[in-house]
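# Coordinates in review
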Amino acid sequence: LPRFRIAPSLLSADFARLGEETRTVIDAGADWIHFDVMDNHYVPNLTFGPMVCQALRKHAVTRDGARVPIDVHLMVQPVDALAQAFAAAGADLISFHPDASTHVDRSLQVIKAAGCQAGLVFNPAASLDVLEWTLGEGSDKLDLILLMSVNPGFGGQSFIPSSLRKLEKIRRLIDDHVRQGGREIRLEVDGGIKVDNIRAAAEAGADTFVAGSAIFGQPDYRAVIDAMRQALA
Ligand code: DX5
Ligand code: ZN
């Protein structure tokens, strides 16, 4: 498996052809499919739910039929019932915003109990305090930390520069966690990632990169993904 993962966000795909778009972007080299769930409550926009995820599950495969992980980013409130519904709909990873959950530890447990990998998402101005109690000795509920480098709700926004400092801070927390015997945790960055800033995000500690408009806004998805990998090399 490559050290770096590229996770195209279907938010910027052609919604009238989501199955095809999923297959095309996988053929173009996508490692994960990023699935942005917005509820017009936690964020001011509305996208798709578990039924669409379930319909796409069979398309999220390579040409050889290997399963490509569906990375569900929940921007919804409340969290738990929808997390369970997405697990049943074939999600592989499910991340939520801690400020959208009444009981963060319970939401993590719900996701793990449903057989998925669990992630916490932090907005650009969100405190990382909750990590003090979800990382460290004896804690094994967290598989992924997703840092928003734009405010959630829309594709096509510009990368917020202070995200680099925040990535560095989260990277230090993850490295400490691993030094204390904890499992490796992926650090994913989401928002405004392009060919020209992906390397800076990697140098700040990210290992997984969501990109929506940068990939789906160009006619040749492979050319963009190759250029991103080139920038990371
Ligand atoms: C924003 C979403 C992102 C979005 C990224 O709320 O979480 O995943 O699709 O889009 P770009 O890459 O265009 O910023
Ligand atoms: Zn997202």
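Each value, and the rule that gives it
- Residues numbered from 1 in each chain as written.
- Chains lettered and ligands numbered in written order.
- Predicted model: local features only at pLDDT ≥ 70, side-chain atom pairs only at ≥ 80, totals over all residues.
- Axes fitted to C-alpha atoms, helices over the stretch in contact; angles between N-to-C directions.
- Helix = DSSP H or I, 4+ residues; strand = E, 2+ residues; numbered from the N terminus.
- Parallel < 35°, antiparallel > 145°, perpendicular 65-115°, else oblique.
- Left-handed = near helix turned anticlockwise from the far one by under 90°.
- Contact = placed C-beta atoms within 7 Å.
- Nonpolar A, V, L, I, M, F, W, Y, C, P; charged D, E, K, R; others polar.
- Near = placed C-beta within 6 Å.
- Buried ≥ 20, exposed ≤ 12 C-beta atoms within 10 Å, placed from the backbone.
- Arc of directions from axis to C-beta.
- Right-handed = clockwise from strand over helix to strand, strands pointing away.
- Pairing = 2+ DSSP bridges.

### Here we look at the packing of helix α3 (residues 80–88) against helix α4 (residues 104–113)
- Put simply, α3 and α4 touch, their axes get as near as 9 Å, and they point 15° apart. One finds that α3 runs roughly parallel with respect to α4. For the element pair α3 and α4, the recorded crossing hand is right-handed. On the side of α3, the interface is formed by D80, A83, Q84 and A87, while α4 contributes R106, S107, V110 and I111.
- In terms of residue class, the contact of α3 with α4 is made up of four nonpolar, two polar and two charged.

### Some remarks on unusual backbone geometry
- Note the cis peptide between Q77 and P78, where omega equals 0°.
- Mapped onto the elements, P78 comes out in the loop between β3 (70–75) and α3.
- The backbone of N40 shows a phi angle near 60°, a positive value even though the residue is not glycine.
- Assignment of secondary structure puts N40 in the loop between β2 (33–38) and α2 (50–57).

### Structural notes on the site of ligand 1
- Close contacts around ligand 1 come from 21 residues, with S9, L11, G155, G212 and S213 the closest.
- Secondary structure elements with two or more residues in the shell around ligand 1: β2, β8 (208–211) and α7 (213–216).
- Counted by class, the shell around ligand 1 contains seven nonpolar, twelve polar and two charged residues.

### Some remarks on α4
- Regarding α4, the residues found buried are S107, L108, V110 and I111. Buried residues of α4 fall within an arc of 155° about the axis and therefore sit on the same side. Along α4, exposed side chains directed more than 90 degrees from the buried face belong to R106 and A113.
- Of the surrounding elements, those touching the buried residues of α4 are α3, β4 (93–96) and β5 (117–122).
- Immediately downstream of α4, the backbone of G115 shows phi near 90°, a positive value.

### Looking at the pairing of β5
- Counting buried positions over the six residues of β5 gives five, a clear majority of the element.
- For the handedness criterion, the β-α-β arrangement of β4, α4 and β5 is classed as right-handed.
- Relative to strand β6 (residues 144–148), β5 runs parallel, the two sharing four bridges. Across the sheet, F122 pairs through a bridge with L147, a residue of β6.

### A few points about the sheet that holds β6
- In space, the eight strands of this open sheet follow the order β1-β8-β7-β6-β5-β4-β3-β2, with parallel pairing throughout. The open sheet terminates on both sides in strands that have one partner only, identified here as β1 (5–8) and β2. Mean inter-strand twist for the sheet, computed between neighbouring axes without regard to direction, equals 25°.

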